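Chain and residue survey
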Amino acid sequence: MIVPAISFVSTAMAVSRVGATPVFVDIEELSFNMDPERAAAAITPRTKAIIPVHFGGAIADMDRLLPLAEEHGLAVIEDAAHAHGSEWRGRRAGSLALAGSFSFQNSKVMTAGEGGILTSNDAGFAERAWSIMDQGRRVGEGWFHHYILGSNYRITSWQAAVLLAQLERLPDQICRRTRNVALLRAELDGVPGLALQKVPQQQNVNSWYLLLGRVRERDEFHRALTAQGVPCTPFYPHPLYGNPLYQESNCRVEPCPVSEACVRDAFWLSHRALLGDEETTRQVAAAMRQASGA
Ligand SMILES: Cc1ncc(COP(=O)(O)O)c(C=O)c1O
(Lines give C-alpha, C1' and ligand atoms only; values in the text may rest on other atoms or scores of the structure.)
Protein backbone atom coordinates (compact mmCIF):
# COMPACT_ATOMS: atom_id res chain seq x y z
CA MET A 1 0.00 0.00 0.00
CA ILE A 2 1.35 3.38 -1.03
CA VAL A 3 1.77 5.97 1.73
CA PRO A 4 3.54 9.33 1.85
CA ALA A 5 6.99 9.35 3.47
CA ILE A 6 5.88 12.36 5.50
CA SER A 7 3.10 11.67 7.99
CA PHE A 8 2.58 10.57 11.55
CA VAL A 9 3.66 6.95 11.91
CA SER A 10 0.08 5.62 12.23
CA THR A 11 -0.43 5.94 8.47
CA ALA A 12 2.26 3.33 7.86
CA MET A 13 1.60 1.29 11.01
CA ALA A 14 -1.98 0.66 9.90
CA VAL A 15 -0.54 -0.93 6.75
CA SER A 16 2.05 -3.01 8.63
CA ARG A 17 -0.54 -4.13 11.16
CA VAL A 18 -2.55 -5.99 8.48
CA GLY A 19 0.60 -7.66 7.15
CA ALA A 20 0.86 -5.46 4.05
CA THR A 21 3.97 -3.58 2.91
CA PRO A 22 4.08 0.19 3.30
CA VAL A 23 5.60 1.72 0.17
CA PHE A 24 6.92 5.18 1.01
CA VAL A 25 6.68 7.80 -1.74
CA ASP A 26 7.72 11.41 -1.84
CA ILE A 27 5.63 14.52 -1.20
CA GLU A 28 5.30 17.66 -3.32
CA GLU A 29 7.52 20.68 -2.66
CA LEU A 30 4.96 22.98 -1.07
CA SER A 31 1.68 21.13 -0.65
CA PHE A 32 3.45 18.70 1.72
CA ASN A 33 1.13 16.01 0.31
CA MET A 34 1.76 12.79 -1.60
CA ASP A 35 3.11 13.49 -5.08
CA PRO A 36 0.72 11.73 -7.53
CA GLU A 37 3.56 11.23 -10.03
CA ARG A 38 5.67 9.46 -7.41
CA ALA A 39 2.65 7.37 -6.41
CA ALA A 40 2.10 6.37 -10.05
CA ALA A 41 5.74 5.36 -10.41
CA ALA A 42 5.54 3.15 -7.31
CA ILE A 43 2.57 1.03 -8.47
CA THR A 44 3.29 -2.65 -9.14
CA PRO A 45 0.98 -5.63 -9.75
CA ARG A 46 1.11 -6.26 -5.97
CA THR A 47 -0.18 -2.79 -5.03
CA LYS A 48 -3.58 -2.83 -3.34
CA ALA A 49 -4.26 0.71 -2.11
CA ILE A 50 -3.16 4.32 -1.98
CA ILE A 51 -3.41 6.13 1.35
CA PRO A 52 -3.07 9.89 0.86
CA VAL A 53 -2.78 12.00 4.01
CA HIS A 54 -4.47 15.41 3.96
CA PHE A 55 -1.47 16.91 5.68
CA GLY A 56 -2.18 19.76 8.07
CA GLY A 57 -5.74 19.92 6.68
CA ALA A 58 -4.66 20.49 3.06
CA ILE A 59 -6.32 17.91 0.82
CA ALA A 60 -4.02 15.74 -1.27
CA ASP A 61 -4.47 16.11 -5.03
CA MET A 62 -7.56 13.91 -5.36
CA ASP A 63 -8.12 15.04 -8.97
CA ARG A 64 -5.04 13.04 -9.88
CA LEU A 65 -4.98 10.32 -7.21
CA LEU A 66 -8.54 9.04 -7.69
CA PRO A 67 -8.25 8.46 -11.48
CA LEU A 68 -4.82 6.91 -10.94
CA ALA A 69 -6.28 4.45 -8.44
CA GLU A 70 -9.21 3.68 -10.69
CA GLU A 71 -6.96 3.01 -13.66
CA HIS A 72 -5.06 0.39 -11.62
CA GLY A 73 -8.02 -1.01 -9.66
CA LEU A 74 -6.73 0.25 -6.32
CA ALA A 75 -8.64 1.33 -3.22
CA VAL A 76 -8.10 4.86 -1.91
CA ILE A 77 -8.22 5.38 1.85
CA GLU A 78 -8.05 9.01 3.00
CA ASP A 79 -6.02 9.60 6.15
CA ALA A 80 -8.10 12.59 7.23
CA ALA A 81 -6.70 12.75 10.77
CA HIS A 82 -5.87 16.44 10.20
CA ALA A 83 -8.76 17.41 7.97
CA HIS A 84 -11.98 17.77 9.97
CA GLY A 85 -14.17 20.04 7.84
CA SER A 86 -11.72 20.41 4.93
CA GLU A 87 -13.40 20.34 1.53
CA TRP A 88 -12.26 19.56 -2.02
CA ARG A 89 -14.55 20.94 -4.73
CA GLY A 90 -17.31 21.26 -2.11
CA ARG A 91 -16.97 17.69 -0.84
CA ARG A 92 -15.76 16.97 2.66
CA ALA A 93 -12.56 15.11 3.48
CA GLY A 94 -13.51 11.54 4.33
CA SER A 95 -16.22 11.43 1.63
CA LEU A 96 -13.92 11.48 -1.38
CA ALA A 97 -12.92 7.81 -1.55
CA LEU A 98 -13.75 4.30 -0.33
CA ALA A 99 -12.83 5.14 3.25
CA GLY A 100 -11.61 8.00 5.41
CA SER A 101 -10.20 7.94 8.94
CA PHE A 102 -10.38 10.81 11.43
CA SER A 103 -8.51 11.18 14.70
CA PHE A 104 -9.85 12.78 17.87
CA GLN A 105 -6.54 12.49 19.71
CA ASN A 106 -5.65 15.38 21.96
CA SER A 107 -3.82 17.58 19.44
CA LYS A 108 -6.55 17.56 16.79
CA VAL A 109 -9.01 20.36 15.90
CA MET A 110 -11.81 18.22 17.34
CA THR A 111 -10.80 16.09 20.28
CA ALA A 112 -12.27 13.66 22.76
CA GLY A 113 -8.86 13.02 24.34
CA GLU A 114 -8.51 9.94 22.13
CA GLY A 115 -10.64 8.05 19.63
CA GLY A 116 -11.55 8.36 15.99
CA ILE A 117 -14.08 7.51 13.31
CA LEU A 118 -14.03 5.76 9.98
CA THR A 119 -16.21 7.00 7.13
CA SER A 120 -17.07 5.23 3.89
CA ASN A 121 -19.03 5.75 0.71
CA ASP A 122 -19.55 1.99 0.31
CA ALA A 123 -22.37 0.34 2.29
CA GLY A 124 -20.80 -3.14 2.26
CA PHE A 125 -17.44 -1.82 3.43
CA ALA A 126 -19.12 0.26 6.14
CA GLU A 127 -21.07 -2.75 7.41
CA ARG A 128 -17.93 -4.88 7.62
CA ALA A 129 -15.99 -2.09 9.35
CA TRP A 130 -18.87 -1.66 11.81
CA SER A 131 -18.77 -5.38 12.58
CA ILE A 132 -15.00 -5.38 13.17
CA MET A 133 -15.47 -2.37 15.47
CA ASP A 134 -18.20 -4.13 17.44
CA GLN A 135 -16.88 -7.61 18.28
CA GLY A 136 -17.88 -9.14 14.95
CA ARG A 137 -21.62 -8.50 15.48
CA ARG A 138 -24.02 -7.64 12.65
CA VAL A 139 -26.22 -4.57 12.67
CA GLY A 140 -29.67 -5.50 13.99
CA GLU A 141 -28.65 -8.95 15.16
CA GLY A 142 -28.16 -10.43 18.63
CA TRP A 143 -25.63 -9.18 21.18
CA PHE A 144 -24.12 -12.65 21.53
CA HIS A 145 -23.89 -13.43 17.82
CA HIS A 146 -20.40 -12.89 16.39
CA TYR A 147 -19.66 -13.50 12.72
CA ILE A 148 -16.13 -12.25 12.10
CA LEU A 149 -13.05 -11.46 14.13
CA GLY A 150 -13.53 -8.01 15.64
CA SER A 151 -12.80 -6.16 18.81
CA ASN A 152 -14.11 -3.31 20.94
CA TYR A 153 -13.05 -0.30 18.85
CA ARG A 154 -16.16 1.67 19.83
CA ILE A 155 -15.96 5.34 20.69
CA THR A 156 -17.91 6.04 23.91
CA SER A 157 -21.18 8.00 24.10
CA TRP A 158 -19.43 10.47 26.40
CA GLN A 159 -16.80 11.14 23.74
CA ALA A 160 -19.47 11.44 21.05
CA ALA A 161 -21.37 14.03 23.13
CA VAL A 162 -18.22 16.12 23.63
CA LEU A 163 -17.47 15.88 19.90
CA LEU A 164 -20.98 16.86 18.81
CA ALA A 165 -20.66 20.07 20.83
CA GLN A 166 -17.31 20.75 19.13
CA LEU A 167 -18.83 20.08 15.72
CA GLU A 168 -21.10 23.10 16.27
CA ARG A 169 -18.18 25.48 16.77
CA LEU A 170 -15.92 23.93 14.10
CA PRO A 171 -17.13 26.15 11.20
CA ASP A 172 -16.51 29.35 13.21
CA GLN A 173 -13.07 28.17 14.23
CA ILE A 174 -12.22 27.26 10.65
CA CYS A 175 -13.33 30.75 9.52
CA ARG A 176 -11.15 32.37 12.16
CA ARG A 177 -8.10 30.29 11.24
CA THR A 178 -8.68 30.93 7.53
CA ARG A 179 -8.83 34.69 8.16
CA ASN A 180 -5.68 34.57 10.27
CA VAL A 181 -3.76 32.47 7.74
CA ALA A 182 -4.69 35.01 5.02
CA LEU A 183 -3.39 37.81 7.26
CA LEU A 184 -0.15 35.91 7.97
CA ARG A 185 0.34 35.30 4.25
CA ALA A 186 -0.19 38.98 3.46
CA GLU A 187 2.18 40.11 6.22
CA LEU A 188 4.86 37.59 5.24
CA ASP A 189 4.59 37.95 1.48
CA GLY A 190 8.03 38.49 -0.05
CA VAL A 191 10.05 37.62 3.06
CA PRO A 192 13.23 36.13 1.56
CA GLY A 193 13.84 32.46 2.28
CA LEU A 194 10.37 31.87 3.75
CA ALA A 195 7.62 29.97 1.85
CA LEU A 196 4.26 29.01 3.30
CA GLN A 197 2.26 25.95 2.27
CA LYS A 198 0.44 26.18 -1.07
CA VAL A 199 -3.17 25.01 -1.12
CA PRO A 200 -4.62 23.97 -4.50
CA GLN A 201 -7.58 26.03 -5.72
CA GLN A 202 -9.83 22.94 -5.78
CA GLN A 203 -9.74 23.03 -1.99
CA ASN A 204 -12.51 25.37 -0.86
CA VAL A 205 -12.26 24.77 2.91
CA ASN A 206 -9.14 23.99 4.93
CA SER A 207 -9.30 22.95 8.59
CA TRP A 208 -5.87 24.59 9.10
CA TYR A 209 -4.84 21.95 11.61
CA LEU A 210 -1.31 23.07 10.81
CA LEU A 211 0.18 26.01 8.98
CA LEU A 212 3.26 24.59 7.29
CA GLY A 213 6.19 26.37 5.78
CA ARG A 214 9.79 26.05 4.68
CA VAL A 215 12.50 28.46 5.72
CA ARG A 216 16.22 29.01 5.34
CA GLU A 217 18.06 28.39 8.64
CA ARG A 218 15.08 26.50 10.04
CA ASP A 219 16.66 25.58 13.38
CA GLU A 220 17.56 29.21 14.05
CA PHE A 221 14.03 30.27 12.98
CA HIS A 222 12.51 27.72 15.34
CA ARG A 223 14.68 28.83 18.26
CA ALA A 224 13.92 32.51 17.68
CA LEU A 225 10.19 31.98 17.24
CA THR A 226 9.73 29.85 20.34
CA ALA A 227 11.83 32.35 22.32
CA GLN A 228 9.18 34.92 21.42
CA GLY A 229 6.43 32.64 22.71
CA VAL A 230 5.08 31.44 19.35
CA PRO A 231 4.68 27.65 19.48
CA CYS A 232 6.43 26.19 16.44
CA THR A 233 7.44 22.60 15.64
CA PRO A 234 10.55 21.93 13.53
CA PHE A 235 8.84 19.26 11.41
CA TYR A 236 9.49 15.51 11.81
CA PRO A 237 13.06 14.45 12.60
CA HIS A 238 13.00 11.99 9.68
CA PRO A 239 10.73 10.64 6.94
CA LEU A 240 8.71 7.66 8.21
CA TYR A 241 11.21 5.18 6.83
CA GLY A 242 13.90 6.71 9.08
CA ASN A 243 12.17 5.31 12.17
CA PRO A 244 13.92 2.31 13.73
CA LEU A 245 10.70 0.32 13.12
CA TYR A 246 11.05 0.70 9.35
CA GLN A 247 14.78 0.18 9.30
CA GLU A 248 14.03 -3.28 10.69
CA SER A 249 10.64 -4.25 9.30
CA ASN A 250 9.13 -4.84 5.91
CA CYS A 251 8.70 -1.74 3.72
CA ARG A 252 9.73 -0.30 0.36
CA VAL A 253 11.27 3.14 0.03
CA GLU A 254 11.02 5.09 -3.21
CA PRO A 255 13.32 8.10 -3.80
CA CYS A 256 12.14 10.90 -1.47
CA PRO A 257 14.33 13.99 -2.02
CA VAL A 258 11.58 16.47 -1.09
CA SER A 259 10.75 14.64 2.14
CA GLU A 260 14.44 14.59 3.05
CA ALA A 261 14.73 18.33 2.35
CA CYS A 262 11.62 19.12 4.43
CA VAL A 263 13.16 17.35 7.41
CA ARG A 264 15.90 19.99 7.23
CA ASP A 265 13.93 23.14 6.42
CA ALA A 266 10.21 22.77 7.20
CA PHE A 267 8.20 23.80 10.26
CA TRP A 268 4.61 24.10 11.40
CA LEU A 269 2.45 26.19 13.66
CA SER A 270 -0.44 24.35 15.32
CA HIS A 271 -4.10 25.33 14.88
CA ARG A 272 -4.07 26.75 18.40
CA ALA A 273 -1.67 29.49 17.29
CA LEU A 274 -4.11 30.40 14.50
CA LEU A 275 -7.10 31.20 16.70
CA GLY A 276 -5.95 34.58 18.03
CA ASP A 277 -7.49 37.98 17.29
CA GLU A 278 -6.12 40.27 14.58
CA GLU A 279 -3.64 42.01 16.88
CA THR A 280 -2.21 38.70 18.13
CA THR A 281 -1.94 37.38 14.58
CA ARG A 282 -0.04 40.51 13.50
CA GLN A 283 2.33 39.88 16.41
CA VAL A 284 2.81 36.26 15.26
CA ALA A 285 3.60 37.55 11.74
CA ALA A 286 6.09 40.05 13.13
CA ALA A 287 7.77 37.32 15.19
CA MET A 288 8.00 35.05 12.12
CA ARG A 289 9.44 37.88 10.03
CA GLN A 290 12.05 38.63 12.66
CA ALA A 291 12.87 34.93 13.25
CA SER A 292 13.49 34.47 9.53
CA GLY A 293 16.09 37.24 9.69
CA ALA A 294 14.12 39.66 7.46
C1 LIG B 1 -1.73 11.84 9.79
C2 LIG B 1 -2.16 11.08 11.00
N3 LIG B 1 -2.74 9.88 10.84
C4 LIG B 1 -3.15 9.16 11.88
C5 LIG B 1 -2.98 9.62 13.18
C6 LIG B 1 -3.40 8.71 14.28
O7 LIG B 1 -4.46 9.11 15.01
P8 LIG B 1 -4.72 8.45 16.43
O9 LIG B 1 -3.66 8.96 17.35
O10 LIG B 1 -6.09 8.93 16.78
O11 LIG B 1 -4.67 6.98 16.24
C12 LIG B 1 -2.38 10.86 13.41
C13 LIG B 1 -2.16 11.47 14.71
O14 LIG B 1 -2.33 11.18 15.77
C15 LIG B 1 -1.95 11.61 12.30
O16 LIG B 1 -1.35 12.80 12.44
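Residues numbered from 1 in each chain as written. Predicted model: local features only at pLDDT ≥ 70, side-chain atom pairs only at ≥ 80, totals over all residues. Heavy atoms only, no water.

Looking now at the overall build of the protein chain. From N to C terminus, the protein chain includes 9 helices and 13 strands. At 20 Å, the protein chain has a C-alpha radius of gyration in line with the 19 Å of a compact globule built from 294 residues. Along the longest, intermediate and shortest principal axes, the C-alpha atoms of the protein chain span 65 × 45 × 35 Å. Put simply, the protein chain has 294 residues, and 47% of those count as buried. A fraction of 63% describes how many contacts in the protein chain between residues 6 or more apart in sequence connect residues 24 or more apart. When the accessible area of the protein chain is evaluated, it comes to approximately 14600 Å², of which 54% is carbon and sulfur surface. Computed over 28 positive and 31 negative side-chain charges, the separation of the two mean positions in the protein chain equals 3 Å. (Helix = DSSP H or I, 4+ residues; strand = E, 2+ residues; numbered from the N terminus. Rg over C-alpha atoms; globule rule 2.2 N^0.38 Å. Buried < 20%, exposed > 50% of the residue type's maximum accessible area, 1.4 Å probe, protein only. Contact = heavy atoms within 4.5 Å. Areas by Shrake-Rupley, 256 points an atom, 1.4 Å probe, with all protein chains shown as cover. Lys, Arg positive; Asp, Glu negative; His and termini not counted. Charge placed at Lys NZ, Arg CZ, Asp CG, Glu CD.)

Below, the discussion takes up the nonpolar core. The biggest cluster of nonpolar side chains holds 23 residues, and the ones touching the most others in it are I2, M34, I50, M62 and L65. Contributions of two or more residues to this core are made by β2 (23-25), α2 (36-42) and α3 (62-72). For this core, the element with the most residues is α3, which contributes 4 residues. Beyond its immediate chain neighbours, meaning those up to four positions away, I2 contacts V23, V25, M34, A39, A42, I43, T47, A49, I50 and I51. (Core = buried A, V, L, I, M, F, W, Y, C linked by side-chain atoms within 4.5 Å.)

So, on to the site of the ligand. Taken together, S7, F8, S10, T11, V53, D79, A81, H82, S103, Q105, K108 and G115 make up the full set of residues near the ligand. One of the side-chain N or O atoms of H82 is found 2.7 Å from an oxygen atom in the ligand. In the model, an oxygen atom of the ligand is placed 2.8 Å from a nitrogen or oxygen of the K108 side chain. Coverage of the ligand by the protein chains reaches 76% of its 380 Å² of free accessible surface. Partitioned by chemical class, the residues of the shell around the ligand number 3 nonpolar, 7 polar and 2 charged. (Near = heavy atom within 4 Å. Polar contact = N/O pair within 3.5 Å; in protein donor to acceptor, adjacent residues only side chain to side chain. Nonpolar A, V, L, I, M, F, W, Y, C, P; charged D, E, K, R; others polar.)

Within a sheet, each strand pairs with its neighbour through backbone hydrogen bonds, oriented either parallel or antiparallel. Spatial strand order, β9-β11-β13: 3 strands in an open sheet with antiparallel pairing. Sheet topology places β9 (194-196) and β13 (266-270) at the edges, where each strand pairs with a single neighbour. For this sheet, the mean inter-axis angle between neighbouring strands, taken without regard to orientation, is 30 degrees. One ladder, built from 5 bridges, connects strand β11 (residues 210-215) with β13; its direction is antiparallel. Following the sheet pairing, L211 is matched in β13 by L269. (Pairing = 2+ DSSP bridges. Axes fitted to C-alpha atoms, helices over the stretch in contact; angles between N-to-C directions.)

All right, on to the layout of surface pockets then. In this model, the second largest pocket occupies a volume close to 420 Å³. Along the wall of the second largest pocket there are 20 residues; nearest its centre are G85, R92, M110, L167 and L170. Counting residues per element, the lining of the second largest pocket draws most heavily on helix α5 (residues 157-188), at 8 residues. Grouping the amino acids of the lining of the second largest pocket by side-chain chemistry returns 15 nonpolar, 3 polar and 2 charged. (1 Å grid on protein atoms, 1.4 Å probe; cavity = no way out; pocket = protein on both sides within 12 Å on 5 of 7 lines; lining within 4 Å. Points joined across faces, edges and corners; volume = space filled by probe spheres on them.)

Residue W208 is not a glycine yet carries a positive backbone phi of 50 degrees. Looking at the element boundaries, W208 is found in the loop between β10 (203-205) and β11. The phi angle at E217 is positive, at roughly 55 degrees, despite the residue not being glycine. With respect to the secondary-structure elements, E217 resides in the loop between β11 and α6 (218-227). Since its relative accessible area comes to 62%, E217 is described here as exposed.

Moving on, we get to the sheet that holds strand β6 (residues 91-92). If you trace the 3 strands from one edge of the open sheet to the other, you get β6-β5-β10, paired in antiparallel fashion. With one partner strand each, in any of the chains shown, β6 and β10 form the two edges of the open sheet. Relative to β10, strand β5 (residues 87-88) runs antiparallel, the two being bridged by 2 bridges. What sits directly across from E87, in β10, is V205.

It is worth spelling out the side chain of D134 at this point. Assignment of secondary structure puts D134 in the loop between α4 (123-133) and α5. Setting aside anything within four residues of it in sequence, one finds D134 in contact with S151 and R154.

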